[in-house]
Amino acid sequence: MTPDLMEEGAKRLALHEGYDFDGLQTESGGREAGYGRLSTSGEVDVTHGRILYLEDVSVSFDGFKAINKLSLDIAPGELRCIIGPNGAGKTTMMDIITGKTRPDSGTVFFGSTIDLLRHKEFEIAQLGIGRKFQKPTVFEHLSVFENLELALKTNKGVKSSMLFKLDSEQSDRLSEILHTINLEDSVTRLAGNLSHGQKQWLEIGMLLMQDPKLLLLDEPVAGMTDEETARTAELFLTLKGKHSLMVVEHDMSFIRTISEIVTVLCDGSVLAQGTLDEVQADERVIEVYLGR
Ligand SMILES: Nc1ncnc2c1ncn2[C@@H]1O[C@H](COP(=O)(O)OP(=O)(O)O)[C@@H](O)[C@H]1O
Ligand SMILES: [Mg+2]
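A quick note: this is a predicted structure, and the numbers were derived from the prediction, not measured.

Calculation criteria
Residues numbered from 1 in each chain as written. Chains lettered and ligands numbered in written order. Predicted model: local features only at pLDDT ≥ 70, side-chain atom pairs only at ≥ 80, totals over all residues. Helix = DSSP H or I, 4+ residues; strand = E, 2+ residues; numbered from the N terminus. Contact = placed C-beta atoms within 7 Å. Buried ≥ 20, exposed ≤ 12 C-beta atoms within 10 Å, placed from the backbone. Pairing = 2+ DSSP bridges. Near = placed C-beta within 6 Å. Nonpolar A, V, L, I, M, F, W, Y, C, P; charged D, E, K, R; others polar. Axes fitted to C-alpha atoms, helices over the stretch in contact; angles between N-to-C directions. Left-handed = near helix turned anticlockwise from the far one by under 90°.

Engineer: Any chance you could explain the overall build of the protein chain here in plain terms?
Structural biologist: For the protein chain, the helix and strand inventory stands at 11 helices and 10 strands. Nonlocal contacts in the protein chain, meaning residues at least 24 apart in sequence, comprise 68% of its contacts between residues at least 6 apart.

In structure tokens form, the structure reads like this:
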């Protein structure tokens, strides 16, 4: 969820329950109000064939190199899978891309012109990078419909969001996304009553409402049933091409269903990269991750 979306949800909750918004934090750890809008042309220059580009990125925490000269790039429309042992730096890499963590050194570009290290976390979200954390962070006291609707009207005052009405293009988009995330039959249900997998889909739907160019998904099928996992694989395959995706997962059968190029991270840098068959046959990958 984006910072301004969390903020909007917190306002709604405050309104709903009749207390002041000032100083309120969302259940999901959302931040304070006070963000401005970033005006961008909405276009990312991908003429060099890359939507995301990291070069020689490093970050240390108390002297420990969590990310160590990491270089990686992703093509527009690509669905990239990232695997690797716990502590490899997968989540930290997403923290760096989304501006949550600043690297000590290195280059991080969105397209060929946007230097992400010059932008704050909320600006990066507005530039079109959506992030899904491992734990679902939907607004449980709101319906599926309201959660999706909320995703469209970020950063408006409480009054204007009460008066907000979807235009026909927006309601078409909402219907289309409901279909994509397989929640058409649950429009009026409270998000809190959905299954774990459905909450994950709803949160993905909320990201999609903002039409992100790049989606970062951290262990999206953890805790899902086999059927939910299979449906999530279908969902990601339909998103590929329209969006670029970076998916961190440990579930190898899920990776097998969706993957093109798989990148193996270990000790904060790329250990191997290729098709799943190629990396699974790599001795170093077997050693550190897959086991014998
Ligand atoms: N904010 C932080 N402060 C200190 N250490 C951190 C912080 N974030 C991550 N780490 C450490 O960096 C390493 C990489 O963590 P992480 O990116 O979460 O790995 P992964 O997601 O691949 O399991 C781990 O050793 C972790 O303990
Ligand atoms: Mg992680």
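Engineer: Where do I start with the pairing of strand β6 (residues 129-132) in this structure?
Structural biologist: Regular strands place side chains that alternate from one sheet face to the opposite one. Of the two faces of β6, the one lined by Ile129 and Arg131 and the one lined by Gly130 and Lys132 are each fully buried. Note: β6 against strand β7 (residues 214-218), four bridges, orientation parallel. The residue of β7 that forms the bridge with Gly130 is Leu215.

Engineer: How should I be thinking about the site of ligand 1 in this particular structure?
Structural biologist: Neighbouring ligand 1 are the residues Phe61, Ala66, Gly84, Asn86, Gly87, Ala88, Gly89, Lys90, Thr91 and Thr92. Broken down by element, the residue count for the shell around ligand 1 peaks at three residues, all from helix α2 (residues 90-97). Considering only residue class, the shell around ligand 1 consists of three nonpolar, six polar and one charged.

Engineer: I'm lost on α2 in this one. Help?
Structural biologist: Each full turn of the α-helix corresponds to 3.6 residues, which orients residues three or four apart in the same direction. The element α2 is largely enclosed, with a buried count of seven among its eight residues. Considered for burial, the residues of α2 that qualify are Lys90, Thr92, Met93, Met94, Asp95, Ile96 and Ile97. Immediately downstream of α2, the backbone of Gly99 shows phi near 80 degrees, a positive value.

Engineer: How should I be thinking about the sheet that holds strand β5 (residues 114-115) in this particular structure?
Structural biologist: The strands making up a sheet associate through hydrogen bonds between their backbones, and the pairing can be parallel or antiparallel. Taking strand neighbours across the sheet as the criterion, the four strands line up as β2-β1-β4-β5 in an open arrangement whose pairing is antiparallel. One side of each edge strand has no neighbouring strand; the edge strands of this open sheet are β2 (64-74) and β5. Sheet analysis places strand β4 (residues 105-110) next to β5, joined by two bridges and oriented antiparallel. Note on β5: the bridge partner recorded for Phe110 is Ile114. Against the sheet, α2 engages β1 (52-61), β2 and β4, with an angle of about 65 degrees to β2.

Engineer: Sorry if this is basic, but what is going on with the sheet that holds β6 here?
Structural biologist: Spatially, β6-β7-β8-β3-β9-β10 is the arrangement adopted by the six strands of the open sheet, whose pairing is mixed. If you trace the sheet from one side to the other, it starts and ends with β6 and β10 (269-274), each paired once. Taking the axes of each pair of neighbouring strands and ignoring which way they run, one obtains an average angle of 20 degrees across the sheet. Judged from the four bridges that link them, strand β3 (residues 79-83) and strand β8 (residues 244-248) form a sheet pairing that is parallel. Residue pairing across strands places Arg80 opposite Met246, the latter belonging to β8. Along the sheet, α2 makes contact with β3, β6, β7, β8 and β9 (262-266), crossing β7 at roughly 150 degrees.

Engineer: Quick question: what am I supposed to make of the packing of helix α6 (residues 168-180) against helix α7 (residues 196-209) here?
Structural biologist: A pair of packed helices is captured by two measures, namely the crossing angle of their axes and the spacing between those axes. Contact geometry of α6 with α7 gives a least axis separation of 10 Å together with a crossing angle of 145 degrees. Where α6 crosses over α7, the handedness of that crossing is right-handed. Together, Arg173, Ile177 and Thr180 of α6 and Gly205, Leu208 and Met209 of α7 make up the contact between the two elements. For the contact of α6 with α7, the class distribution of residues is three nonpolar, two polar and one charged.

Engineer: Where do I start with the pairing of β2 in this structure?
Structural biologist: Summarising the sheet, β1 and β2 pair through seven bridges and their orientation is antiparallel. Counterpart to Val59 in the pairing with β2 is Ile67. Remark: two residues form the turn of the hairpin made by β1 and β2, two consecutive strands paired antiparallel; Asp62 in that turn has positive phi of roughly 50 degrees.

By themselves these figures say nothing about function.
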